[in-house]
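# Overview (structure and organization)
Listed here are the chains, written in short residue letters.
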Amino acid sequence: MRLAVWFSIVCPLVWRALPARGADAPADPPAAQQRIDALAAEVTKLKAELETLRAENAALKQKLAAATAAVAATTRPATTRAAGDLPVNRYELGDAQTLGNYQFRVPLEWTAAPPPKDNKLQALFRSPDKQAVILIVVKPKGAAPAEMQAKYAQNVVQMLKTDFARNKTEVVEPPAAVPDPRFYLKVHERIKVKGDKTADQTHLYLMPNKDMVELTVITTTEATDQLASTTRLAEEILMSVAPRK
């Protein structure tokens with residue numbers, strides 16, 4: 001009997017103390033709304049970064065096609081060459097040259113050729129034996145943040161694979177990122193080109209200040225030592241990049 005009386009008194013007090021539901025419920029606290037706004041801003045930022053990467057991948061595709069065509073156009077079939085007919089390549093750095101807001105040292109005794117589409121932010125060099133080209137490109141404000149390095153590498157590799165598949169290019173060694181602390185990114189692949197030649201291709205990236213500097217080196221030489229020297233020369237060229245004085 002006492003318990004029943006206690007419930008009859010206490011229960012109505014408890015129910016009156018509980019917050020009302022439905023239309024009378026309080027609004028979300030400001031902290032929750034701030035978290036929602038921050039999340040929305042982050043989504044917008046990621047979408048913008050994705051669009052930037054798509055644009056950079058499209059530009060890289062055009063650049064790679066132009067450089068590959070340059071090698072194919074200047075490489076004569078091996079049957080038309082005598083062993084002593086090839087000019088001797090130099091693998092040394094020459095004088096400094098300006099490109100955009102930067103300067104870099106050019107490959108000694110390599111021929112400067114008109115860059116694709118006469119772009120003033122691109123420089124193209126062809127080796128004396130016509131078996132290699134080096135293309136360097138400055139992209140103002142094109143730098144990718146350090147935290148996106150792994151994702152950027154994945155995008156570049158996938159873009160190259162897709163491009164080779166679309167153009168039915170025979171791939172000898174698929175594109176793959178190569179660890180190298182000197183650069184933001186290094187990607188290497190080997191493909192078949194005109195005349196049944198094998199083209200060894202390396203793509204190098206630097207991120208000075210807020211800009212991006214890309215270098216692509218392509219060679220069809222079959223000599224291992226010459227291939228190594230050509231790649232090393234390309235790396236030295238990119239490492240020589242510095243703000244213009």
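Above: the structure in question.
Notes on the structure in this doc start here. Residue indices follow the written sequence of each chain, beginning from 1 at its first position. For this predicted model, a pLDDT threshold of at least 70 governs which residues receive local features, and a threshold of 80 or more governs which side-chain atom pairs are given and counted, while totals over whole chains, interfaces and linings are taken from all residues. To obtain the side-chain values, all non-hydrogen atoms of the structure were included, while hydrogens and water were left out.

## Details of the overall build of the protein chain
- Secondary structure elements follow DSSP: runs of H or I no shorter than four residues count as helices, runs of E no shorter than two count as strands, and numbering proceeds from the N terminus. Each helix and strand in the protein chain was counted, giving four helices and ten strands.
- Only protein chains enter the calculation, and the probe is 1.4 Å; a residue is then buried if its accessible area is under 20% of its type maximum, exposed if over 50%, and partly exposed in between. In the protein chain, buried positions account for 40% of the 245 residues.
- In what follows, residue pairs with any heavy atoms lying within 4.5 Å of each other are defined as contacts. Across the protein chain, every contact between residues at least 6 apart in sequence was considered, and the portion connecting residues at least 24 apart equals 54%.
- Total accessible area on the protein chain stands at roughly 14,700 Å², and carbon and sulfur atoms take up 58% of it. To be clear on the numbers: accessible area is Shrake-Rupley with a 1.4 Å probe, and residue cover counts the displayed protein chains and nothing else.

## Digging into the pairing of strand β9 (residues 212-219)
- Here β9 lies mainly inside the structure; eight of its eight residues are buried.
- Going residue by residue along β9, you find M212, E214, T216 and I218 tucked away on one face and V213, L215, V217 and T219 tucked away on the opposite face as well.
- Paired strands, as defined in this entry, are two strands with at least two bridges between them according to DSSP. One ladder, built from eight bridges, connects strand β5 (residues 132-139) with β9; its direction is antiparallel. Looking at the pairing, V138 lines up with V213 of β9.
- Pairing of strand β8 (residues 197-206) with β9 involves seven bridges; the strand directions are antiparallel. The partner of D200 across the bridge, within β9, is T219.
- In sequence, β8 turns back onto β9 through a hairpin of five residues, with N209 there showing a positive phi of about 55°.

## Details of the packing of aromatic side chains
- Only Phe, Tyr and Trp rings are paired, with Trp represented by its six-membered ring, and only when their centres lie within 6.5 Å; those with planes under 30 degrees apart are stacked, over 60 edge-to-face, the remainder tilted. Using the criterion set out here, one finds three aromatic pairs in the structure.
- Measuring from ring centre to ring centre gives 6.2 Å for F104 and F125, while their planes differ by 75°; the resulting arrangement is edge-to-face. With a gap of 21 residues between them, F104 in strand β2 (residues 102-107) and F125 in strand β4 (residues 122-126) connect regions that are remote in the sequence. For the pair F104 and F125, one class covers both residues: buried.
- Ring geometry for Y152 versus Y184: centroids 6.0 Å apart, planes at 75°, classification edge-to-face. Taken as a pair, Y152 in helix α3 (residues 149-166) and Y184 in the loop between β6 (171-177) and β7 (185-193) lie far apart in primary sequence, 32 residues in all. Considered together, Y152 and Y184 belong to a single accessibility category, that of buried residues.
- Following the ring pairs from residue to residue traces out a cluster consisting of Y152, Y184 and Y205.

## Regarding unusual backbone geometry
- One non-glycine residue with positive phi stands out, namely K141, at about 55°.
- Tracing the chain through its elements places K141 in the loop between β5 and α3.
- Positioned with a positive phi, N209 is a non-glycine residue whose angle comes to about 55°.
- Tracing the backbone through its elements, the reader meets N209 in the loop between β8 and β9.

## Some details on the pairing of β2
- Here five bridges tie strand β1 (residues 93-99) to β2, and the two strands are oriented antiparallel to one another. The residue of β2 that forms the bridge with L93 is P107.
- Here β1 folds back onto β2 in antiparallel fashion, the turn holding two residues, of which G100 has a positive phi close to 65°.
- In this structure, β2 lies alongside strand β10 (residues 242-243), joined through two bridges in antiparallel fashion. Looking at the pairing, Q103 lines up with A242 of β10.

## Quick notes on the environment of L121
- Examined against the element boundaries, L121 turns out to sit in the loop between β3 (111-113) and β4.
- Overall, L121 belongs to the partly exposed group, its relative accessible area being 26%.
- As a C-alpha pair, L121 and G100 span 21 residues in sequence and 5.7 Å in three-dimensional space.

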